[in-house]
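# Commentary on secondary and tertiary structure
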Amino acid sequence: MKIDCPVCKRKSSLEFTTKTDNIPFFGDIMESVIKCQECGYRHSDIICLERKDPMQYSLVLDKDNLKARVIKSQSTTLSIPELGLKVEPGPQSQGYVSNVEGVLNRFNDAVKTAQNFAESKKIKDNAAKILEEIEKIKIGKNKVTLIVGDPFGHSMIIHKDAIKRELNEDEIKKLKTGFNIIAN
Ligand SMILES: [Zn+2]
């Protein structure tokens, strides 16, 4: 498979690799990674090899469940409502297998980026407050809820305390899928 890099435009510089994994109680997944040999551009996704129902997982975070595995597909919406944090799927969304701590680090990085680019002091201060709140979660001093919602049911939080439930039709309609849908 020879593809040109969408970032540096060099010819046939992309390497495509896949890795399959079996997740207990979940099934087989395939992680695909596209990587540019020249500029380091990387895009990954998780493909679930079984059809699933629309599902939501939620977990009240504590310092004892930071290692709980999180599977995030391209169509996943991740949120921590108490902090007003939400990542919705878009064309640039990536799927990955991580854990709660890894997800918090990604939120942390996103908030830091927003803080750096913000022009108003109010937004910068608000970002600083959220960063503090994220740190407090890691030492068990902030009990917030991580919610993973996926209309294709490919995502999950693996932990005994995680609450799993099927999404209803209204909730599915409100979730973005990360795919462009052309309305008639
Ligand atoms: Zn490149």
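Scroll up to find the structure this text is about.
Residues numbered from 1 in each chain as written. Predicted model: local features only at pLDDT ≥ 70, side-chain atom pairs only at ≥ 80, totals over all residues. Heavy atoms only, no water.

### Thoughts on the nonpolar core
If you look at the biggest cluster of nonpolar residues, it comprises 32 residues, and the most contacted ones within it are L61, I80, L85, V100, L104, F107 and L146. Counting only elements with at least two residues in this core, the list comes to β4 (55–60), β5 (69–72), β6 (77–80), α1 (100–117), α2 (121–138), β9 (145–150) and β10 (156–158). Beyond its immediate sequence surroundings of up to four residues, L85 is in contact with L78, S79, I80, F107, V111, I130 and I134. (Core = buried A, V, L, I, M, F, W, Y, C linked by side-chain atoms within 4.5 Å. Buried < 20%, exposed > 50% of the residue type's maximum accessible area, 1.4 Å probe, protein only. Helix = DSSP H or I, 4+ residues; strand = E, 2+ residues; numbered from the N terminus. Contact = heavy atoms within 4.5 Å.)

### Structural notes on the packing of aromatic side chains
Applying the stated criterion across every chain yields a total of zero aromatic pairs. Over the face of the ring belonging to Y96 we find R106, whose NZ or CZ atom lies 3.6 Å from the ring centre. (Phe/Tyr/Trp six-rings, centres within 6.5 Å; stacked < 30°, edge-to-face > 60°. Lys NZ or Arg CZ within 6 Å of the ring centre and 35° of its normal.)

### A short note on the packing of α1 against α2
It is at 9 Å that the axes of α1 and α2 come closest, and there the two elements cross at 165 degrees. Considering their axes alone, α1 and α2 lie roughly antiparallel with respect to each other. Of the two possible hands of crossing, α1 and α2 adopt the one that is left-handed. Where α1 approaches α2, its residues L104, N105, F107, N108, V111, K112, Q115 and N116 are matched on the opposing element by K124, A127, A128, I130, L131, I134, E135, I137 and K138. Each residue belonging to the contact of α1 with α2 can be placed in one class, and the counts come to nine nonpolar, four polar and four charged. (Axes fitted to C-alpha atoms, helices over the stretch in contact; angles between N-to-C directions. Parallel < 35°, antiparallel > 145°, perpendicular 65-115°, else oblique. Left-handed = near helix turned anticlockwise from the far one by under 90°. Nonpolar A, V, L, I, M, F, W, Y, C, P; charged D, E, K, R; others polar.)

### A short note on the sheet that holds strand β11 (residues 163–166)
An order of β7-β6-β9-β4-β11 is seen for the five strands of this open sheet, with the pairing classed as antiparallel. A single partner strand is all that each edge strand has here, and the edge strands are β7 (85–87) and β11. On average, adjacent strands in this sheet sit at an angle of 15 degrees to one another, irrespective of strand direction. In this fold α1 packs onto β4, β6, β7 and β9, with an angle of close to 85 degrees to the strand it touches most, β6. (Pairing = 2+ DSSP bridges.)

### Things to note about the pairing of β5
Pairing of β5 with strand β8 (residues 96–99) involves four bridges; the strand directions are antiparallel. From the neighbouring strand, V70 faces β8, where its bridge partner is S98. Bridging between β5 and β10 involves three bridges; their strand directions are antiparallel. For I71, the partnering residue across the bridge sits in β10 and is M156.

### Some points on the side chain of N142
Position of N142 relative to the elements: it lies in the loop between α2 and β9. Classification of N142 as buried rests on a relative accessible area of 13%. Sequence-distant contacts of N142, defined by excluding residues within four places in its chain, comprise L61, L83, E133, K136 and I137.

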